[in-house]
Protein chains: 2
Amino acid sequence: MLHQTITIKDIARELNISVSTVSRALRDTFDVSLETKQLVLEKAKELNYKPNFNARGLSQGKTNNIGIILPFITNYYFSTVITGIQKIAYDFNYNIILYLTNDSEEREKLIMSNLTLSGLDGILISTCASNYDHVHEVIGKGIPVVFFDRTNPLEASKVRQDDYNGAFEATSHLISQGFSEIAHITGPQDQIFTQNRLNGYLNALEHYGIPIRSEWIVHTGFSQECGSTDLQSLMSHCKKPDAIFAVNDRKAIGAMVQLKKENIRIGQDFGVVGFTNDPICTLITPTLTTVSESAFEIGRIACELLLKHIQKVNLPSKEVILPGELIIRESSMRTTLVD
Amino acid sequence: MLHQTITIKDIARELNISVSTVSRALRDTFDVSLETKQLVLEKAKELNYKPNFNARGLSQGKTNNIGIILPFITNYYFSTVITGIQKIAYDFNYNIILYLTNDSEEREKLIMSNLTLSGLDGILISTCASNYDHVHEVIGKGIPVVFFDRTNPLEASKVRQDDYNGAFEATSHLISQGFSEIAHITGPQDQIFTQNRLNGYLNALEHYGIPIRSEWIVHTGFSQECGSTDLQSLMSHCKKPDAIFAVNDRKAIGAMVQLKKENIRIGQDFGVVGFTNDPICTLITPTLTTVSESAFEIGRIACELLLKHIQKVNLPSKEVILPGELIIRESSMRTTLVD
DNA sequence: TTGTAAGCGTTATCAC
DNA sequence: GTGATAACGCTTACAA
């Protein structure tokens, strides 16, 4: 009795009707009598019938699987996005299949090219790549793709936060607190969201008539460790900054760790602002000012959009930009009481 | 040309051979000549052939998909476990499909019963349930299941950390630091890992001849907020503890937040130890003493074990217990310099 | 070593 | 409304 699964054939046989009728009844099509439909559903329940998705997929050309491709899941932002995606997917009876690129462009391309495309109805991707042939190929095969978080110049649907305005507000806030030597520590230059945050920073400085110093813009990685080393290298210049705007909270925290080591009073003497609103912001001392990203919403909206594309083949692509919100905490307040 | 996919038929036609030969060549079976194999592989590459996993799954009765069922992914521990699982799965050409239960037993059962079992070769689960009929049903159908993290009394393969010893060491450490009024804040009583940590705590007290006070054992939820409220309620007793061992780092941190509010000096006057070794432990002030869990390893080993079960039908089940390691930081050190 | 044909569980296209 | 039957792409006896 091991591995013996119930199929529509079994239902058909027991009910003395044809498989096509059973199939129709189960799918609730219009051309089946209410009576037989009842009978079939009852019998299906009785036998504990579960549809075989491989067979269904093979004959319909769809699978109810969507792929998620992203760099990591071990941070607040991405894991929350996935939770949002999962919610919608689950509600609409889609499975999500997870692929991690480790922020490696090579790996991302490998995954995409090996992708069992026949097994995926659509793809949600936060790309770490700097060119997009591999995405083109997939789109060319008619598989809908929706980008989230990290964006790109392709003609495709995208869901992301408003990086430019968030960065503009963050920088403006530092200026309003009286900081004027503001550095920016960020990630690789080839990411568009990185560029947007940089532009927000630059335009805020410009807007307030503060000179821009290119040596105060540091491009390294996204990790906390990079935040620490970035700060170190900034402090080695003869002219030192009195505040930093970091591309994300992890780097901001890395910088704070280093500032503490150098006995610089965060808030009072040195302003720090991050980006993301990782829950950790409220746990560290001092608490970290940041720009909130609606991670769950981004996941939710991206998934909804993808499902629409899956349902309707030539749906025009669409870009959704969610506003962030500046959340002011101790790390940027001159009046903070550091404990 | 949209959605037009290359099948083995195309390869067969172009090469003037039969589909079965193509199939054999692609699967690298022994009964095909080296020559034709070469030809087929070349042509496959040329046409950019990608196998259809639905078809393959349907005919072989396997899918190369494994399901992961767990409460959340938005914390360090689970997201790291998944990363470990993903690594192995990817290396062996398996996809992982993610299901989140939100720590709801009802939801877990719903997911399991709706599971497109035909679409899954095996399941990795961190169950939040207190009875296991739903798991039995799946195992009964011959789908291999490996439990990770949270354990249970079923006859099945399991991979988990050594909760008992970790808790024993954590508590012993507090005692060795001179704390003697040690409370334990933990999760729901029906989880076995919770019970194990509780037992470790109890036996350590016993071992050092310290009386056990049942009012100092608080069962609530696993969240940080619960940690704060637990501490509050402990401090409302006339006899107050001078240390806590928390079931996880989140609750420990919640307790620390509350201790700070009450102006109690953590480390010097009040010892705190957590469990997990979330990276946040090193970022908060004071840094948090904890028991490390090998999250990535647990994922890796669980996945390897599952793949073995998938390959070999009647592999005897096996329980792997990974040791934790006490990591001593400021929160439990009487000599700590709190900044 | 290769080819033929049946079969995996569904859905879809016809007839009736 | 219902029932044959072909098809989806692949694997796998069995034959040659």
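Residues numbered from 1 in each chain as written. Chains lettered and ligands numbered in written order. Predicted model: local features only at pLDDT ≥ 70, side-chain atom pairs only at ≥ 80, totals over all residues. Heavy atoms only, no water.

## A closer look at the overall build of chain A
Part 1 of the argument: When helices and strands are counted, chain A shows 12 helices and 12 strands.
Part 2 of the argument: The C-alpha atoms of chain A give a radius of gyration of 26 Å, which is well past the 20 Å a tight globule of 339 residues would have.
Part 3 of the argument: A principal-axis box enclosing the C-alpha atoms of chain A has dimensions of 90 × 40 × 35 Å.
Part 4 of the argument: Per-residue burial for chain A yields a buried fraction of 55% across its 339 residues.
Part 5 of the argument: Long-range contacts, defined as pairs at least 24 residues apart, comprise 70% of the intrachain contacts of chain A with a sequence gap of at least 6.
Part 6 of the argument: Accessible area for chain A stands at about 14600 Å²; split by element, carbon and sulfur atoms hold 52% of it. (Helix = DSSP H or I, 4+ residues; strand = E, 2+ residues; numbered from the N terminus. Rg over C-alpha atoms; globule rule 2.2 N^0.38 Å. Buried < 20%, exposed > 50% of the residue type's maximum accessible area, 1.4 Å probe, protein only. Contact = heavy atoms within 4.5 Å. Areas by Shrake-Rupley, 256 points an atom, 1.4 Å probe, with all protein chains shown as cover.)

## Details of the domain arrangement of chain A
Part 1 of the argument: Segmentation of chain A into domains returns domain 1 (8-50), domain 2 (63-161 + 295-323) and domain 3 (163-293 + 326-332).
Part 2 of the argument: Just the C-alpha atoms count here: the centres of domain 1 of chain A and domain 2 of chain A sit 36 Å apart. (Domains from an automatic or database assignment.)

## Digging into the interface of chain A and chain B
Part 1 of the argument: Listed as interface residues are 49 residues of chain A and, on the opposing side, 50 residues of chain B.
Part 2 of the argument: Between chain A and chain B, roughly 4400 Å² of surface is buried when both sides are summed, and carbon and sulfur atoms account for 55% of that area.
Part 3 of the argument: Sorting the residues of chain A by area buried against chain B places Asn54(A), Tyr90(A) and Leu283(A) first, and these three jointly supply 16% of that buried surface.
Part 4 of the argument: Scanning the region where chain A abuts chain B turns up 2 salt bridges.
Part 5 of the argument: The salt bridge partner of Glu137(A) is Lys50(B), with a shortest N-O separation of 3.9 Å.
Part 6 of the argument: The interface formed by chain A and chain B includes 8 residue pairs in polar contact (both at pLDDT 80 or more). (Buried area = accessible area lost by both parts, 1.4 Å probe. Salt bridge = Lys/Arg side-chain N within 4 Å of Asp/Glu carboxyl O. Polar contact = N/O pair within 3.5 Å; in protein donor to acceptor, adjacent residues only side chain to side chain.)

## Remarks on the relation of the copies chain A and chain B
Part 1 of the argument: When chain A is fitted onto chain B, the two copies agree to an RMSD of 0.2 Å after a turn of 180° and an axial shift of 0.1 Å. Classification of the inter-copy transformation places it as that of a two-fold axis. (Least-squares fit on C-alpha atoms with pLDDT ≥ 70 in both.)

## Overview of the environment of Thr290(A)
Part 1 of the argument: Tracing the chain through its elements places Thr290(A) in strand β10 (residues 290-292).
Part 2 of the argument: A distance of 3.3 Å separates a polar atom in the side chain of Thr290(A) from the backbone nitrogen of Thr276(A).

## Looking at helix α6 (residues 105-114) of chain A
Residues and elements named next belong to chain A.
Part 1 of the argument: Listed in full, the buried residues belonging to α6 are Glu108, Ile111 and Met112. Projection of α6 onto a plane perpendicular to its axis shows the buried side chains occupying an angular sector of 95°, all on one side. Across from the buried face of α6, at angles greater than 90 degrees, the exposed residues are Glu106 and Asn114. (Arc of directions from axis to C-beta.)

## Focus on the protein's contact with DNA strand D
Part 1 of the argument: Close to DNA strand D lie 25 residues; Thr21(A), Arg24(A), Ile8(B), Ser23(B) and Tyr49(B) are nearest.
Part 2 of the argument: Taking Ser59(A), its main chain carries an N or O atom lying 3.3 Å from a base oxygen of DNA strand D.
Part 3 of the argument: For DNA strand D, a phosphate oxygen lies 2.5 Å from a polar atom in the side chain of Tyr49(B).
Part 4 of the argument: Counting residues per element, the ones that place at least two in the surface near DNA strand D are α2 (19-27) and α4 (53-60) of chain A together with α1 (8-15), α2 (19-27) and α4 (53-60) of chain B.
Part 5 of the argument: Split by residue class, the surface near DNA strand D holds 7 nonpolar, 12 polar and 6 charged. (Near = heavy atom within 4 Å. Nonpolar A, V, L, I, M, F, W, Y, C, P; charged D, E, K, R; others polar.)

## Considerations on the pairing of strand β1 (residues 65-70) of chain B
All names here are of chain B.
Part 1 of the argument: By the criterion of burial, β1 is predominantly enclosed, with 6 of the 6 residues buried.
Part 2 of the argument: Side chains Asn65, Gly67 and Ile69 of β1 all project onto a buried face; the interleaved residues Ile66, Ile68 and Leu70 project onto the opposite face, where all are buried too.
Part 3 of the argument: Bridge count for β1 against strand β2 (residues 95-100) is 6 bridges, and the pairing is parallel. The residue bridging glycine 67 from the neighbouring strand is isoleucine 97, located in β2.
Part 4 of the argument: Chirality of the crossover, the property in question, places the unit of β1, helix α5 (residues 76-91) and β2 among those that are right-handed. (Pairing = 2+ DSSP bridges. Right-handed = clockwise from strand over helix to strand, strands pointing away.)

## Regarding the packing of aromatic side chains
Part 1 of the argument: Applying the stated criterion across every chain yields a total of 8 aromatic pairs over all chains.
Part 2 of the argument: The aromatic ring of Phe53(A) is capped on one face by Arg56(A), whose charged end is 5.6 Å from the ring centroid.
Part 3 of the argument: Sitting above the plane of the Trp216(B) ring, Arg213(B) keeps its charged end 4.8 Å from the centroid. (Phe/Tyr/Trp six-rings, centres within 6.5 Å; stacked < 30°, edge-to-face > 60°. Lys NZ or Arg CZ within 6 Å of the ring centre and 35° of its normal.)

## Topic: empty space enclosed by the protein
Regions of empty space are outlined by a rolling probe, equal in size to a water molecule, passed over the atoms.
Part 1 of the argument: A full pass over the atoms with the stated rule returns 3 cavities of 30 Å³ or more.
Part 2 of the argument: Counted as a void, the second largest cavity has a volume near 40 Å³.
Part 3 of the argument: Around the second largest cavity, the lining residues are Leu283(A), Ile253(B), Met256(B), Val257(B), Lys260(B) and Ile284(B).
Part 4 of the argument: In terms of residue class, the lining of the second largest cavity is built from 5 nonpolar, no polar and 1 charged. (1 Å grid on protein atoms, 1.4 Å probe; cavity = no way out; pocket = protein on both sides within 12 Å on 5 of 7 lines; lining within 4 Å. Points joined across faces, edges and corners; volume = space filled by probe spheres on them.)

## As for the sheet that holds strand β8 (residues 243-246) of chain B
Consider a sheet: its strands pair through backbone hydrogen bonds, and that pairing is either parallel or antiparallel.
All names here are of chain B.
Part 1 of the argument: Ordered in space as β7-β6-β8-β9, the 4 strands form an open sheet in which the pairing is parallel. Each end of this open sheet is capped by a strand with a single partner; those strands are β7 (217-219) and β9 (271-273). Within the sheet, the average angular offset between the axes of one strand and its neighbour, ignoring direction, is 15°.
Part 2 of the argument: In this structure, strand β6 (residues 182-186) lies alongside β8, joined through 4 bridges in parallel fashion. The partner of isoleucine 182 across the bridge, within β8, is alanine 243.
Part 3 of the argument: Running over the sheet, helix α10 (residues 224-235) touches β6, β7 and β8 and is turned about 145° from β6. (Axes fitted to C-alpha atoms, helices over the stretch in contact; angles between N-to-C directions.)

## Overview of the side chain of Thr171(B)
Part 1 of the argument: Position of Thr171(B) relative to the elements: it lies in helix α8 (residues 163-176).
Part 2 of the argument: Discounting residues that sit within four places of it in the chain, Thr171(B) has contacts with Ile182(B), Tyr201(B), Ala204(B), Leu205(B) and Phe245(B).

## Digging into the protein's contact with DNA strand C
Part 1 of the argument: Near DNA strand C you find 26 residues, and of these Ser23(A), Ser59(A), Ser20(B), Thr21(B) and Arg24(B) are the closest.
Part 2 of the argument: Backbone sugar and phosphate groups make up 66% of those atoms of DNA strand C lying within 4 Å of the protein.
Part 3 of the argument: In this structure, Ser20(B) approaches DNA strand C through a side-chain N or O atom, which is 3.0 Å from a base oxygen.
Part 4 of the argument: For DNA strand C, a phosphate oxygen lies 2.6 Å from a polar atom in the side chain of Thr21(B).
Part 5 of the argument: Elements that contribute at least two residues to the surface near DNA strand C include exactly α1 (8-15), α2 and α4 of chain A together with α2 and α4 of chain B.
Part 6 of the argument: Looking at the surface near DNA strand C residue by residue, the classes come out as 7 nonpolar, 12 polar and 7 charged.

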